[in-house]
Amino acid sequence: MKATTLIKLAAGAVAGGLMAFAAAPVLADPEIVAGPSDDAACYVPWTEDTQYFKFPAKTGPFRVALANGYIANTWRIQMIQTAKAYAAQPDVAAKLKEFKVVSTGEDVAAQIAAINNFIDSGYDAIVVNAQNPSAFGPVIDRAKEAGVILVAFDNILDTTDAINVNVDQKGLGELWGNWLVKHIPDGGKILEVRGVAGTSVDTDRHNGIHEVLNASGKKWDVVEVVGKWDDGTAQKATADAIAVNGQFAGITAQGGDTGVVQAMLDAKHPMVPFGGETENGFRKFCGTLNKDGLVCSSAGTGPAQVAVAIKTAIDALEGKVIPQSVRLPLAIVEDPDFKDGENYYADQSDNFFVGNSFPTCGINFTAQEIMGQNQDNK
């Protein structure tokens, strides 16, 4: 082989190596910086020790994906609709080259595979409602290697390598537990209607409820059923629990609360103190049946937290300073403050979560704006 040929081959190898190096993705390792964030009113750090991230700024428009897991309840359906409504707003749409939604059900492996597919397809950021908080380690590492920003919300990720956006879910459970302690002087038998097993939200809320009950000094007999945050599932689970266990002194439910009250009515179960979520149908019952004993604490966070997560992803891509863990406010209404037209809506669907806005983040939606969207993967 001639020397000139060797030189050409060597030069080609070097050039090819440089091209491969140049094409290698930039790690999505943020710089740790001092706070506050660029939008301090919206991005409240979880604790005073929360670190602040500043990712390398990219030039938009961006490709952003939503990797959802469970879909078969009102909250998740409304969440998907809210995500699409937010992405369609003109000022947001101008920053998005593509917005893709995939829901994979309760299969953790399927959700991880969907995230991997988004990474392989070159998306800039992925917003995740995680089926399991601790099962995503390898895919989190892959996202970092590919320069993809991960933002988890609602059911968050057990990591400091992604941005988490959430309300204090354990604090919400504590709120409901305290409501029962306050309104049931002597303790008693409680029905606890839980959410989707294995999720961080279900676990945190459950732990909050039980820590308060256990610390109250009262004697409690807690019957647990699974309602999956779904009216139909929760209604059947409640009906079965009443048939087997008789009357309860109080109830707490993480979702599907409209179905829980309907099961009580069908079984002619007395109305009792209830700590529950923010469904419009549940609040209708709370506003009209309080004279019969249904004294309610209705608290939670509307599905609009997905819009905060998308906003967070876009701001992070633009190089803005973001807390690694963002705390969102709860929407709380308690008896006797339920008012039609203010914090529930008698003329709107039962299957609508109220309190679906985050004014500090400039996010607010009408029911019509959300319900005009579909829940399909696309």
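Just above sits the structure.
Residues numbered from 1 in each chain as written. Predicted model: local features only at pLDDT ≥ 70, side-chain atom pairs only at ≥ 80, totals over all residues. Heavy atoms only, no water.

A.B. asks: Even after reading the chapter, I still don't get the layout of surface pockets, so can you show me in this structure?
C.D. replies: The gaps left among the atoms become clear once a water-sized probe is rolled over them. What the largest pocket holds in volume is close to 280 Å³. Together, 17 residues line the largest pocket, and E342, Y345, V354, G355 and N356 are the ones closest to its centre. For the lining of the largest pocket, a count of residues per class yields eight nonpolar, seven polar and two charged. Forming the boundary of the second largest pocket are 18 residues, of which W46, I156, N164, N166 and D204 lie nearest the centre. (1 Å grid on protein atoms, 1.4 Å probe; cavity = no way out; pocket = protein on both sides within 12 Å on 5 of 7 lines; lining within 4 Å. Points joined across faces, edges and corners; volume = space filled by probe spheres on them. Nonpolar A, V, L, I, M, F, W, Y, C, P; charged D, E, K, R; others polar.)

A.B. asks: Could you clarify how one ought to interpret helix α8 (residues 231–245) in this entry?
C.D. replies: Given 3.6 residues per turn, any residue in an α-helix points the same way as the ones three and four places further on. Given a rise of 1.5 Å per residue, 15 residues ought to cover 21 Å, and the 20 Å separating the end C-alpha atoms of α8 matches this to within 8%. One or two residues past the end of α8 sits G246, with phi positive at roughly 80°. (Helix = DSSP H or I, 4+ residues; strand = E, 2+ residues; numbered from the N terminus. Expected span 1.5 Å × (residues − 1).)

A.B. asks: Looking at this model, I keep getting lost on the sheet that holds strand β15 (residues 331–334). Mind explaining?
C.D. replies: What links the strands of a sheet is backbone hydrogen bonding, and the strands pair in either a parallel or an antiparallel sense. In spatial order, the strands read β9-β8-β10-β11-β12-β15; together these six strands make up an open sheet with mixed pairing. This sheet does not close on itself; its edge strands, each paired only once, are β9 (220–226) and β15. Strand-to-strand twist of the sheet, defined as the mean angle between neighbouring strand axes without regard to direction, takes the value 10°. Sheet topology places strand β8 (residues 188–194) next to β9; seven bridges connect them, and they run parallel. Within β9, the position partnered with I190 by the bridge is V222. Contacts from helix α7 (residues 200–215) reach β8, β9 and β10 (250–253) within the one sheet, and its direction differs from that of β8 by about 170°. (Pairing = 2+ DSSP bridges. Axes fitted to C-alpha atoms, helices over the stretch in contact; angles between N-to-C directions. Contact = heavy atoms within 4.5 Å.)

A.B. asks: When you look at the nonpolar core in this model, what are you seeing that I'm missing?
C.D. replies: A general trend in soluble globular proteins is that nonpolar side chains are found buried together. Core analysis: the biggest nonpolar cluster contains 47 residues, and L66, F99, V127, F153 and I363 have the highest contact counts within it. Taken together, the elements giving at least two residues each to this core come down to β3 (62–68), α2 (74–88), β4 (96–103), β5 (125–129), β6 (149–153), β7 (163–166), α11 (305–317) and α12 (367–371). Of all the elements, α11 adds the most residues to this core, at nine residues. Filtering out sequence-adjacent residues up to four positions away, F153 remains in contact with L66, W75, M79, V127, V128, N129, V165, Q305, V306 and A309. Residues V193, A253, F285 and V333 belong to the second largest nonpolar core, which totals 26 residues. (Core = buried A, V, L, I, M, F, W, Y, C linked by side-chain atoms within 4.5 Å. Buried < 20%, exposed > 50% of the residue type's maximum accessible area, 1.4 Å probe, protein only.)

A.B. asks: Help me understand the state of the cysteines, please; the structure alone is not making it clear to me.
C.D. replies: Here a disulfide denotes one covalent bond, and it connects the sulfur atoms of two cysteines. For the coordinates displayed, the defined rule picks out two disulfides. A sulfur-sulfur separation of 2.0 Å characterises the disulfide bridge that pairs C42 with C361. One disulfide, between C42 and C361, carries an S-S torsion of 90° and so falls in the right-handed class. With a gap of 319 residues between them, C42 in the loop between β1 (31–33) and β2 (52–54) and C361 in the loop between β16 (357–358) and β17 (363–364) connect regions that are remote in the sequence. Across a sulfur-sulfur distance of 2.3 Å, C286 and C296 are joined as a disulfide pair. On the sign convention where negative is left-handed, the bridge of C286 and C296, at about -90° about the S-S bond, is left-handed. Here the residue C286 occupies a position in helix α10 (residues 280–288), and C296 occupies one in strand β12 (residues 296–300), the gap between them amounting to 10 residues. The pair formed by C286 and C296 is uniform in burial state, with each residue classed as buried. Each bonded cysteine of the chain is numbered by sequence order, and under that numbering the disulfide pairs are 1-4, 2-3. (Disulfide = S-S within 2.5 Å.)

A.B. asks: Looking at this structure, I do not really get the pattern of salt bridges. What am I missing?
C.D. replies: It is possible for side chains of opposite charge to pair when their charged atoms get near one another. In the structure shown here, the tally under the stated rule is 18 salt bridges. With a shortest N-O distance of 3.7 Å, D161 and K144 are connected by a salt bridge. On the criterion of sequence distance, the pair formed by D161 in the loop between β6 and β7 and K144 in helix α5 (residues 137–146) is long-range, its members being 17 residues apart. Given the relative accessible area of 37%, D161 is considered partly exposed. Residue class for K144 comes out partly exposed when judged on its relative accessible area of 21%. With a shortest N-O distance of 3.5 Å, K320 and E318 are connected by a salt bridge. Under the relative-accessibility criterion, E318 is labelled partly exposed at 26%. (Salt bridge = Lys/Arg side-chain N within 4 Å of Asp/Glu carboxyl O.)

A.B. asks: Can you walk me through the sheet that holds β3 in this structure?
C.D. replies: Here we have six strands laid out as an open sheet, ordered β4-β3-β5-β6-β7-β14, and parallel in their pairing. Looking at strand neighbours, the two that pair on one side only are β4 and β14 (325–327), the edges of this open sheet. Direction aside, neighbouring strands of the sheet carry axes that sit 15° apart on average.

A.B. asks: I'm lost on the packing of aromatic side chains in this one. Help?
C.D. replies: For any pair of aromatic rings, the description rests on two quantities: the centre-to-centre distance and the angle between the ring planes. Counting across every chain of the model gives three aromatic pairs. Measuring from ring centre to ring centre gives 5.0 Å for F118 and Y123, while their planes differ by 70°; the resulting arrangement is edge-to-face. Here F118 matches Y123 in class, with each residue buried. Relative to F282, the ring of F274 has its centre 4.7 Å away and its plane inclined at 50°; by these criteria the two rings are tilted. Side by side, F274 and F282 carry an identical accessibility label, which is buried. A cation over an aromatic ring shows up here: R327 above the ring of W46, its NZ or CZ 4.1 Å from the ring centre. (Phe/Tyr/Trp six-rings, centres within 6.5 Å; stacked < 30°, edge-to-face > 60°. Lys NZ or Arg CZ within 6 Å of the ring centre and 35° of its normal.)

Shape descriptors only; they carry no functional weight alone.
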